[in-house]
Amino acid sequence: MRIEKRPHVSILWLVSAPLLASLAALILSAALIIWAGQSPLRAYQELVLAALGSRGGLAETLSYATPLIFTGLAAAIAFRAKFWNIGGEGQLYIGACAATALGTGILTAPPVILIPLLFIAGALAGGILLVIPVILKTALRVDEVVTTLLLNFIVLLVVSFLIEGPWRDPMALGWPQAAPIIDEGVLPKLLDRTRLHIGFLVAVGCAVISWFVMQRTVWGFEIRAVGLAATAAAFAGMRVTRVVVIAALISGAMAGMAGVSEVAGLKGYMTLDLSPGFGYTGIAVAMLAGLHLLAVVPAAIFLSAVYVGADSMSRTLDIPTYLADVLVALSVLAILVCTVFARYRLRFS
Amino acid sequence: MTKSPNQPFRSQSSSPLSHESKGTPPSGGVPLLVAEGICKTFGEHRANDDISLRLAAGEILCLLGENGAGKTTLMNILFGHYVADAGTITVAGQPLPPGSTQAALRAGIGMVHQHFTLAGGLTVLENVVLGTQSLWSLRDVRANARVRLQTLMNDVGLRVDLDALVDTLPVGQRQRVEILKVLYRQARVLILDEPTAILSPQECDGLFTTLRALAARGLAVILISHKLEDVMRISDRIAVLRDGRLVGEVAAAKAKRDDLVRMMIGRSLTQVSKGTSEGNDQDTGEPVLVLRKVSVRKGRDRLCDVSVSVRQGEILGIAGISGNGQSLLADVIYGLVRPDQGEVRLYGEAISSTQQVIDAGVGRICEDRLGTGMIAGMSVAENAASTRRRIPPFARWGWYIDNRAVRARAQDYQQQFDVRCRHIGQPIAELSGGNIQKLILARELADQPRFILAHQPSRGLDAGAIAFVHECLIQARKQGAGILLMSEDLDELLALSDQVAVIFEGTLSAPLARDEATVSRLGLLMIGHADEIENEKIEKKSKRHAH
C-alpha cells in the first residue's frame, strides 16, 4: 500500500471534502450519543438550535469564536512561514497582562483612544514574547515547537504570581484575580443583553487585513515564499531570517490581541482561567482553514458553534459535556484526513 | 539451475554469478528477461506504450532516449516500483509479480539508481548487507558477508575498502558499492540508470571495463543513458525509446551516430556544437565579474584561493566532477555565502547581498531548477515575479504587488520562450524540467544582463531544450554578456566556451584556451592529475624540439 499524489485535484472535491468530513464526524459521534442513551437526531437538532437558532445562541457562538479567530490567525500566519508557533496560549495571556497593566487605572483616556491602545499594547506584548523563541531558533537552531510550547507554562506561572501577588484585586474577596478594566477600556457590546462585543469585528478586520497583506503585498509574498521553500526564497534575494522574524512577530501579535479581547471584552478582569485553551484550539482552527487567512473566520465560527451547541445539548439531554470535545476532535481529524485524500490517493498492491 | 531463485540470500555459493555460468549459456538460447507489451500512463501522458524487450544473459543492452522518453518508467516497472497498466514480464521463464521490488530482487533483478541509495554513516560492508537480513534474525551476517564480498571483488575486479564509511568515498567508488550491493544479492540482471552522468572520463572507462567483465560472467546488463558516445562504446545492442514507444533496436556494432540521433528525437539535429562560437575576436571586453583569492569553507565544501575573471562577450567554462566546489562557487557569486577571504567584484562593486546581485542585473541559471531557481509551491506567474517583486512593473509603491502586471509579464515570458503550461496560475512544480528551465531563462535574461552565471543549464533536459538553452547563451554573448558556464558535460563546455578552467577539490585551474582544452587533458585535471598534464606539455615540447 502506498500514497500517491493525484494527478488532477478538482476544486469541487477540495471544497466538498470538509463538508463530507464534518458529516463523517457527526456519524461517528452519533455512535457515542446512542451509547449515552439518546437519539442522535434530537441531539444534533438541539446542538444546531442552541448554537445558531436564536439571537442569544448566535451571539454566544460569535463571541466564543472571537478569540479563536485571533489565535487561528496567529497559528496560520506562523505556519505559513514554517514557524511552528505552539505558544498561542502564552501569547494570549501576556496580551491580557498588557491590557490589565494599562487598562486598570494607570491611564485614563476616552474609549476611542484607550481601546486601540490596549489592543496595540497586547499585540506588542504577544509579539515580544515570541522574540525569545525566534532568537533561539535563528541564532542557535533551537526547535521553536519546544520553546514556544514551554513558554506557555512559564507565562501561566508569571500570571499566577501577578494575580496572587502585586496585581491582586483587594475588592475581590480573596479570589485570585486582578483589578477590573476601567469603564473607558471595556469593549462596547455589539448586541444588547448578549456577551458579543466589538472584539469580534476587530478579529474579522484582522483576518481581512492579514489576508490582504499575505496575498497582495511584498511582505506576504516573502512570508509565503520562505515557508514554501527557504532555499529558493534566499536565492530570490529574500532575507530568510528577517522574514521568519516578521512572521513570528505578527503571529504573536494576533494571539496577544486575543487576550486583550477576552479581558477587556468578555471577562472584564484577569483570571487564571481566562482561556480554556484558545491558544491550542487556534492551531486546529488554522489547520481546518487550510492556513487560508480568510477561511480562519468560518473555521473558528464552526468550531465555536460545535462547542457552544454541544454544551447546551449535553445540558438539555443529560449526556456528558465532554462529547463536545470528542465531536470537535473528530471533525478536525476527519477534515484533515479528507483534505489529504483530496490531494492524494491510496494505492493497494 | 539447482537453487530456487526464491532463496538467493541463503546460497552458500562462493560466487553469486557461478550458477549463471552453469545455467543459461552467455548468449543465444532462452532469453533471460522478457518484457511483453508494457503500457503505462500517468494521467493523459503515455509514458510507456506497448514496449517489448528481450534480454539474454551476458548481453549489455542500452536503452537510449531523451528525457521523458520513458526509459526510467520502464525500468521502474521492471524493478517493481510501478505497476504496468498492461503487459507481462518474465524472468528465466517465470512470470514476475508486478509492483513488488522484493519480488524483483528475488527474481534476480538489481538496480543502481541515478541518485544513490546508500546510507552515508555506515560502512561499505554494512551498506551491502543492509536489507538482506530478516529483522527478527539475531545472527550477525557481516563476517560471512565479508568473505563472500572479498571473493566477489576478486572475481569481478571491483575494489572498494569494505570498512570505509560511505560518506568518505568519492562518487565513483560509491557507484561500485551500489553495483556490489546488487551482485551480493545474486542479481542476474543489472539495471544502471544514467551511470556515467557523474563520472569523469577516466572513471567511465573503469566502469565500462567492469561491466564487460560482468557480462562475460553471464550477467545481463541494462544501461539507461542519453549519452550517445557511451552507449555506442559499451553496449551490444541499443534500444531507442521516443515518446514512450520503442522506435528501434540495433546492434551497437552496426549503429551509426546520425541514425541513433534521428531515432531519438524524430528528426536529425543540426549540430549545435561546432561553429557556434565563431567571431569572438573582440576579446578585450570589460571584466564583469572578478574573484580575487577567494577562500571559503561551508560544510564539506570549500574553495581555496579561487581567482577568476569573466569579461564581456566571452564564455568561461568551468569543468569538474560534481561536488568539487561548484555549488559553493555559485553561492558566493549569488551573494548567498560570504567568502572568508578574498574579494568578489560584480561590475566593479563588492557583493553585499543576494538582492543587490539581482538588482545589479545578473542572469542566474542555477543548478537545481525546482529546489533553488523556482519556489516550488507557487504558480508560474508568481515565480516569474519572485526575484523582482519590489520594483515596477510587479510592485507599486514598493510594497503592493500588482497582480495584473505580474500576469501580463508572465504571459509575455510564456509566449516569447514558448513555456508550455495550461495557464500561468498553474503550480510551477507541475511543469516539465524543460519548461521550468525556459521560464528561468525568460526571467533571468529578460533584462539583458551583462553577466550570466549558468550552472548546469542543460542537465536533465532533452535535446531540443538543450539546443534552446545553448542558443540563448550564445545569443546573450553576442549581445555582449559575459558568461560563466559551469557544467559536468564536457561536450557542452567545449562547444560553447572560449576558455575552460577546471575545478578540483575547491581549487580552480588557470583557464585553458579552447584549442588547448582537450577531453583527455580536462579529464586529468578533473581528477586532480595536474602534474601529468605538465609532463604531457613537456613531452610535446621535447617532441617539437626533436622535429
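What you are looking at is a predicted structure, and each value in this text was computed from that prediction instead of being measured.

*Asks:* An account of the sheet that holds strand β14 (residues 341-346) of chain B is requested, with residue identities and associated values reported.
*Replies:* Strand order in the open sheet made by the four strands is β12-β11-β14-β15 (chain B), with antiparallel pairing throughout. Across the chains shown, the open sheet's two edge strands, defined by having one partner strand only, are β12 (301-311) and β15 (349-350) of chain B.

*Asks:* Can you tell me about helix α10 (residues 326-334) of chain B, naming the residues and giving the values?
*Replies:* Residues and elements named next belong to chain B. Burial runs high along α10: nine of the nine residues are buried. Taken residue by residue, α10 has Q326, S327, L328, L329, A330, D331, V332, I333 and Y334 as its buried positions. At the exit of α10 stands G335, carrying a positive phi of roughly 85°.

*Asks:* Any details on unusual backbone geometry? Residues and values, ideally.
*Replies:* Phi at D50 of chain B is positive, roughly 55°, even though this residue is not glycine. Turning to its location among the elements, D50 of chain B is positioned in strand β2 (residues 45-55).

*Asks:* Explain the pairing of strand β7 (residues 189-193) of chain B residue by residue, including any values.
*Replies:* Residues and elements named next belong to chain B. Judged by how many residues are buried, β7 sits mostly within the fold: five of five residues are covered. Neither face of β7 is exposed, since V189, I191 and D193 on one face and L190 and L192 on the opposite face are all buried. For strand β6 (residues 109-112) and β7, the ladder comprises four bridges, and the chain directions are parallel. Across the sheet, residue I109 finds its bridge partner in β7, namely V189. Sheet topology places β7 next to strand β8 (residues 220-225); five bridges connect them, and they run parallel. Across the sheet, residue D193 finds its bridge partner in β8, namely I224. Crossover connection from β7 via helix α7 (residues 201-216) to parallel β8: handedness right-handed.

*Asks:* Hey, could you go over the environment of I120 of chain A for me, with residue numbers and the actual values?
*Replies:* Residue and element names in this part refer to chain A. For I120, the location among the structural elements is in helix α5 (residues 111-129). Owing to 16 C-beta atoms within 10 Å, I120 belongs among the partly exposed residues under this scheme. C-alpha of I120 to C-alpha of A99: the two residues are 21 residues apart in sequence and 9.1 Å apart in space.

*Asks:* I'd like to hear about the environment of R148 of chain B, residue by residue, with values.
*Replies:* All names here are of chain B. With respect to the helices and strands, the residue R148 is situated in helix α5 (residues 142-156). Judged by the 20 C-beta atoms lying within 10 Å of it, R148 is buried. When the C-alpha positions of R148 and Y184 are compared, they lie 8.0 Å apart, and in sequence the two are 36 residues distant.

*Asks:* Any chance you could break down the interface of chain B and chain A for me, citing the residues and the numbers?
*Replies:* With 27 residues of chain B at the contact, the number on the chain A side is 18 residues. Among the secondary structure elements, those contributing two or more residues to the side of chain B that touches chain A are α11 (354-360), α12 (369-373) and β18 (400-401) of chain B.

*Asks:* Quick rundown of the packing of helix α4 (residues 88-103) of chain A against α5 of chain A? Include the residues and the values.
*Replies:* Residues and elements named next belong to chain A. Taken N-terminus to C-terminus, the directions of α4 and α5 make an angle of 140°; their axes are 8 Å apart at the nearest point. Between α4 and α5, the interaxial angle falls into the category oblique. Seen along the crossing, α4 lies across α5 with a hand that is right-handed. Counted together, G90, Q91, I94, G95, C97, A98, A99, L102 and G103 of α4 and L114, L117, L118, A121, G122, L124, A125, G126 and L129 of α5 form the full contact between these two elements. By residue class, the composition of the contact of α4 with α5 is 12 nonpolar, six polar and no charged.

Rules used throughout
Residues numbered from 1 in each chain as written. Chains lettered and ligands numbered in written order. Predicted model: local features only at pLDDT ≥ 70, side-chain atom pairs only at ≥ 80, totals over all residues. Pairing = 2+ DSSP bridges. Helix = DSSP H or I, 4+ residues; strand = E, 2+ residues; numbered from the N terminus. Buried ≥ 20, exposed ≤ 12 C-beta atoms within 10 Å, placed from the backbone. Right-handed = clockwise from strand over helix to strand, strands pointing away. Contact = placed C-beta atoms within 7 Å. Axes fitted to C-alpha atoms, helices over the stretch in contact; angles between N-to-C directions. Parallel < 35°, antiparallel > 145°, perpendicular 65-115°, else oblique. Left-handed = near helix turned anticlockwise from the far one by under 90°. Nonpolar A, V, L, I, M, F, W, Y, C, P; charged D, E, K, R; others polar.

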